[in-house]
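Take a look at the letters that make up each chain.
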Amino acid sequence: MTQELIDRYSLLRTIHLMQPVGRRLLAEKLGVSERNVRTDLEALESSQLVAMQSKGVVLTPDGERAADQLLPLIQNLTGIHKKEKALQTRLGWRAAGS
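Keep in mind it's a predicted model, so treat the numbers as computed, not measured. (Residues numbered from 1 in each chain as written. Predicted model: local features only at pLDDT ≥ 70, side-chain atom pairs only at ≥ 80, totals over all residues. Heavy atoms only, no water.)

Caption draft 1: Layout of the overall build of the protein. If you tally the helices and strands in the protein, you get five helices and two strands. What you see in the protein, going N to C, is helices and strands ordered as α-α-α-β-β-α-α. Taken along its principal axes, the extent of the C-alpha atoms in the protein is 50 × 25 × 25 Å. Of all 98 residues assigned to the protein, the portion counted as buried reaches 27%. For the protein, contacts bridging at least 24 residues in sequence account for 50% of all contacts bridging at least 6. Of the accessible surface of the protein, which amounts to about 6,900 Å², a share of 51% is contributed by carbon and sulfur atoms. Distance between charge centres in the protein, computed from 14 positive and 11 negative side chains, equals 7 Å. (Helix = DSSP H or I, 4+ residues; strand = E, 2+ residues; numbered from the N terminus. Buried < 20%, exposed > 50% of the residue type's maximum accessible area, 1.4 Å probe, protein only. Contact = heavy atoms within 4.5 Å. Areas by Shrake-Rupley, 256 points an atom, 1.4 Å probe, with all protein chains shown as cover. Lys, Arg positive; Asp, Glu negative; His and termini not counted. Charge placed at Lys NZ, Arg CZ, Asp CG, Glu CD.)

Caption draft 2: Quick look at a nonpolar patch on the surface. Among the surface-exposed residues, Leu-87, Leu-91 and Trp-93 lie close enough to one another that they form a single nonpolar patch of about 350 Å² accessible area. Positionally, Leu-87 belongs in helix H5 (residues 80-91). (Patch = residues over 30% accessible without salt bridge, like charges linked within 9 Å, V, L, I, M, F, W, Y side chains within 5 Å. Salt bridge = Lys/Arg side-chain N within 4 Å of Asp/Glu carboxyl O.)

Caption draft 3: Inspection of the pattern of salt bridges at higher detail. As enumerated under the stated definition, the model contains five salt bridges in all. The residue Arg-8 makes a salt bridge to Glu-4 at a minimum N-O spacing of 3.1 Å. Taken together, the residues Arg-8 and Glu-4, both in helix H1 (residues 2-18) and four residues apart, mark about one turn of the helix. Taking the shortest distance from any N to any O, the salt bridge between Arg-8 and Asp-40 comes out at 3.0 Å. Taken together, the positions of Arg-8 in helix H1 and Asp-40 in helix H3 (residues 34-46) put the pair 32 residues apart, joining distant regions of the chain. Members of the salt-bridge network, linked through shared partners, are Glu-4, Arg-8 and Asp-40.

Caption draft 4: Spotlight on H1. Helix length check: H1, at 17 residues, gives a terminal C-alpha distance of 24 Å against a target of 24 Å (1.5 Å per residue), a fit within 8%. Every buried residue belonging to H1 is among Ile-6, Arg-8, Tyr-9, Leu-11, Leu-12, Thr-14 and Ile-15, and all of these are buried. Contact partners of the buried residues in H1: helix H2 (23-30), H3, strand E1 (50-53), strand E2 (56-59) and helix H4 (61-78). (Expected span 1.5 Å × (residues − 1).)

Caption draft 5: Quick look at the pairing of E2. Pairing of E1 with E2 involves four bridges; the strand directions are antiparallel. Bridging across to E2, Val-50 finds its partner in Leu-59. Connecting E1 to the next strand, E2, in antiparallel fashion are two residues. (Pairing = 2+ DSSP bridges.)

Caption draft 6: Quick look at the nonpolar core. Of all hydrophobic cores here, the largest spans 18 residues; its most connected members are Leu-11, Leu-12, Ile-15, Leu-26, Leu-41 and Val-50. At the level of secondary structure, the elements contributing two or more residues to this core comprise H1, H2, H3, E2 and H4. Per-element tally for this core: the top contributor is H1, with five residues. With residues up to four places along the chain from it excluded, the contact list for Leu-12 reads Leu-44, Leu-49, Val-50, Leu-59 and Ala-67. (Core = buried A, V, L, I, M, F, W, Y, C linked by side-chain atoms within 4.5 Å.)

Caption draft 7: Representation of the packing of H2 against H3. With their axes 8 Å apart at the nearest point, H2 and H3 run at an angle of 110° to one another. In terms of their interaxial angle, H2 and H3 are classed as roughly perpendicular. Where H2 crosses over H3, the handedness of that crossing is right-handed. Here H2 contributes Arg-23, Arg-24, Leu-26 and Ala-27 to the contact with H3, which in turn contributes Glu-34, Val-37, Arg-38 and Leu-41. (Axes fitted to C-alpha atoms, helices over the stretch in contact; angles between N-to-C directions. Parallel < 35°, antiparallel > 145°, perpendicular 65-115°, else oblique. Left-handed = near helix turned anticlockwise from the far one by under 90°.)

This is the structure in structure tokens:
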């Protein structure tokens with residue numbers, strides 16, 4: 001379940017960066033099969049987070065909000081936040097606003 005959430009979040013973020021984008025290109029960028037992309041896109045479309053258009057897949061406003069709201073959770077699940085903090089410390093950087 002956790003990996004599925006991370007995978008679908010990655011799909012949402014990739015769509016956000018490349019929209020409108022086709023399934024084949026999404027599969028290439030994410031390193032997964034078109035079949036996996038199609039399955040995930042169907043789930044995201046049924047949740048009204050993406051819309052299929054003739055030019056490709058785009059995020060809906062709900063999809064944009066979901067991607068933004070999921071970021072802290074995904075960072076926590078993947079350990080990215082801890083890695084960012086460690087890198088800041090190692091490089092002697094302060095967090096923005098500090």
